[in-house]
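Here's the letter readout for the chains.
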Amino acid sequence: MAAVAQPDGSRLELTWYAPIAPNLGIWLDDGGWPPPPEAPRAQHALEPTTSPDDDLASAMAAGRALVLAPAERVAWSATFRVRAPGEPRGG
């Protein structure tokens, strides 16, 4: 779980299935997607990741990349939750 807490006690929490994606990354795409002929757009996101590395080559070299066989599937979910001041944490 990752959370941002405000002085008034309110929180923004992000939870996800850590056994598959144990890290939280920041995705920054400043106009590199989608490819032409679509209009590129800037996108920034918090995303669970399988590796703390910044690129696939580094993750592969460190043995931290999640490698799937052809037709293999892996699924997990991520949930954002906003908590009001005084609302219990977690759960």
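Given the structure is predicted, the values throughout are model-derived calculations rather than measurements.

What counts, and at which threshold
Residues numbered from 1 in each chain as written. Predicted model: local features only at pLDDT ≥ 70, side-chain atom pairs only at ≥ 80, totals over all residues. Heavy atoms only, no water. Helix = DSSP H or I, 4+ residues; strand = E, 2+ residues; numbered from the N terminus. Buried < 20%, exposed > 50% of the residue type's maximum accessible area, 1.4 Å probe, protein only. Polar contact = N/O pair within 3.5 Å; in protein donor to acceptor, adjacent residues only side chain to side chain. Pairing = 2+ DSSP bridges. Axes fitted to C-alpha atoms, helices over the stretch in contact; angles between N-to-C directions.

**What about the side chain of Arg 83?**
Item 1. One can find Arg 83 in strand E5 (residues 78–83).
Item 2. Its relative accessible area of 4% is what places Arg 83 among the buried residues.
Item 3. One polar contact links Arg 83 to Glu 13, side chain to side chain, over a distance of 2.9 Å.
Item 4. Only 3.1 Å separates the side chain of Arg 83 from the backbone oxygen of Pro 88, close enough to count as a polar contact.

**A look at the sheet that holds strand E2 (residues 11–16)**
Item 1. Judged by pairing direction, the sheet is antiparallel, and its three strands sit side by side in the order E1-E2-E5 without closing on themselves. Two strands bound the open sheet, and with one partner strand each, they are strand E1 (2–5) and E5. With direction set aside, neighbouring strand axes in the sheet form an average angle of 10°.
Item 2. Across four bridges, the pairing between E1 and E2 is antiparallel. If you follow Ala 3 over to E2, its bridge partner there is Glu 13.

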